[in-house]
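# Close look at the chain arrangement
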Amino acid sequence: MAELNSFAFTVGDSILHRHDIRFKLASLALMTAACATAASEGLAVVSLVLAALILHLRLPFNHFAGTLRLLSLFLLFILAVRAITTPGDPIAAFSRIVVTRQGLLQGGVICWRLVNIVVLSLLFVRSTRPAEIKAGVAWLLRPVPGIDAGQAAVMVGLIVRFIPVLHHQINETRMAWQARGGHWRRNPLRHIRNLVFPAIRRTILSADQLALAMESRCFSPRRTDPAFRAERLDVLLLAAAFLVLVTTLFV
């Protein structure tokens, strides 16, 4: 189960672990806005902040590189599509396909933004207990009319818990498929079918088993949530996230 480490909570005493969930969700929203709106100079500022947080949490770079291979393929696809669909100065041409400099630059910025958002999400998941996420979502949704904050928070908590489970099941399906010689097949559509469909089926079965287990134990969303403890550190971290957003807007 070592592959779950990148997508599951790990015990620690970092500033992110001690960050109050209410302030942490606000900081996450501000940092995500900075990633989505920043230009290349602003993205460099965000990347430096995220790199400092990664070093502070002592996350394993090699393990992240191995678990994010599918993301790398997705980023390469985005870069290629942008490079051949954006008009501009041609760099290379293959028949009717023209690669432009502007397309490569725009695709690179989009991929950079996505990488920052993914790293930010991983930092959040690894430093926040699922129970805290559930409590924070319930606290945010409680004033909203027409929404059952308890049920919505339970759904968000289950989604967070299922991320490492889904990753583990995909890896198990891939290893079983490779053990049967499937990696020798060169048809990419067969690769997708033999990997995605069994993983989805196993995920659905796991969800059914979890629903039955919760129902048999008379589960209720009205449960005792972790206590909130806001400190000066939470205000400082929220102010730092707001400062990063303002910096990316004016850099």
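Just so it is clear, the structure is predicted and the values come from calculations on it, not from any experiment. (Residues numbered from 1 in each chain as written. Predicted model: local features only at pLDDT ≥ 70, side-chain atom pairs only at ≥ 80, totals over all residues. Heavy atoms only, no water.)

## Observations regarding the nonpolar core
Counting residues in each nonpolar core, the largest one holds 16 residues, and the members touching the most others are Met 31, Val 46, Leu 50 and Leu 123. Secondary-structure elements contributing two or more residues to this core are helix 1 (21-37), helix 2 (40-57), helix 5 (101-126) and helix 9 (232-250). Looking at this core, the element that brings in the most residues is helix 2, giving five residues. Other than its neighbours up to four places away in sequence, Leu 50 contacts Met 31, Asn 116, Val 119, Leu 120 and Leu 123. If you look at the next biggest cluster of nonpolar residues, it comprises nine residues, including Leu 25, Val 125, Val 137 and Ala 138. (Core = buried A, V, L, I, M, F, W, Y, C linked by side-chain atoms within 4.5 Å. Buried < 20%, exposed > 50% of the residue type's maximum accessible area, 1.4 Å probe, protein only. Helix = DSSP H or I, 4+ residues; strand = E, 2+ residues; numbered from the N terminus. Contact = heavy atoms within 4.5 Å.)

## A short note on the pairing of strand 1 (residues 90-94)
In terms of burial, strand 1 is a largely surface element, zero of the five residues being buried. The hairpin formed by strand 1 and strand 2 (residues 97-100) contains two residues between the paired strands, and Ser 95 there has a positive phi angle of roughly 60°. (Pairing = 2+ DSSP bridges.)

## Description of the environment of Pro 87
One can find Pro 87 in the loop between helix 4 (69-85) and strand 1. In sequence terms Pro 87 and Thr 100 are 13 residues apart; their C-alpha atoms lie 6.6 Å from each other.

## What to know about the packing of helix 2 against helix 9
Where helix 2 contacts helix 9, the two axes come as close as 8 Å, and the packing angle between them is 155°. Taken together, the axes of helix 2 and helix 9 lie roughly antiparallel to each other. Across the interface between the two elements, Gly 42, Val 45, Val 46 and Val 49 of helix 2 pack against Val 244, Thr 247 and Thr 248 of helix 9. Looking at the contact of helix 2 with helix 9 residue by residue, the class counts come to four nonpolar, three polar and no charged. (Axes fitted to C-alpha atoms, helices over the stretch in contact; angles between N-to-C directions. Parallel < 35°, antiparallel > 145°, perpendicular 65-115°, else oblique. Nonpolar A, V, L, I, M, F, W, Y, C, P; charged D, E, K, R; others polar.)

## Focus: the side chain of Thr 100
Relative to the elements of secondary structure, Thr 100 occurs in strand 2. A relative accessible area of 4% means that Thr 100 is categorised as buried. Only 2.7 Å separates the side chain of Thr 100 from the backbone oxygen of Thr 86, close enough to count as a polar contact. Only 3.1 Å separates the side chain of Thr 100 from the backbone nitrogen of Gly 103, close enough to count as a polar contact. Beyond its immediate stretch of four places on either side in the chain, Thr 100 contacts Ala 83, Thr 86, Pro 87, Gly 88, Asp 89, Pro 90 and Ile 91. (Polar contact = N/O pair within 3.5 Å; in protein donor to acceptor, adjacent residues only side chain to side chain.)

## A word on the pairing of strand 2
Looking at chain direction, strand 1 and strand 2 are connected through four bridges and run antiparallel. The residue bridging Ala 93 from the neighbouring strand is Val 98, located in strand 2.

## Examining the packing of aromatic side chains
Counted according to the given criterion, the structure contains one aromatic pair. Relative to Phe 228, the ring of Trp 139 has its centre 6.4 Å away and its plane inclined at 65°; by these criteria the two rings are edge-to-face. Of this pair, Trp 139 sits in helix 6 (residues 130-141) while Phe 228 sits in the loop between helix 8 (188-216) and helix 9, placing them 89 residues apart in sequence. On the accessibility criterion, Trp 139 (36% relative accessible area) is partly exposed. The class of Phe 228 is partly exposed, set by a relative accessible area of 29%. We note Arg 22 situated over the ring of Trp 139; from NZ or CZ to the ring centre the distance is 5.4 Å. (Phe/Tyr/Trp six-rings, centres within 6.5 Å; stacked < 30°, edge-to-face > 60°. Lys NZ or Arg CZ within 6 Å of the ring centre and 35° of its normal.)

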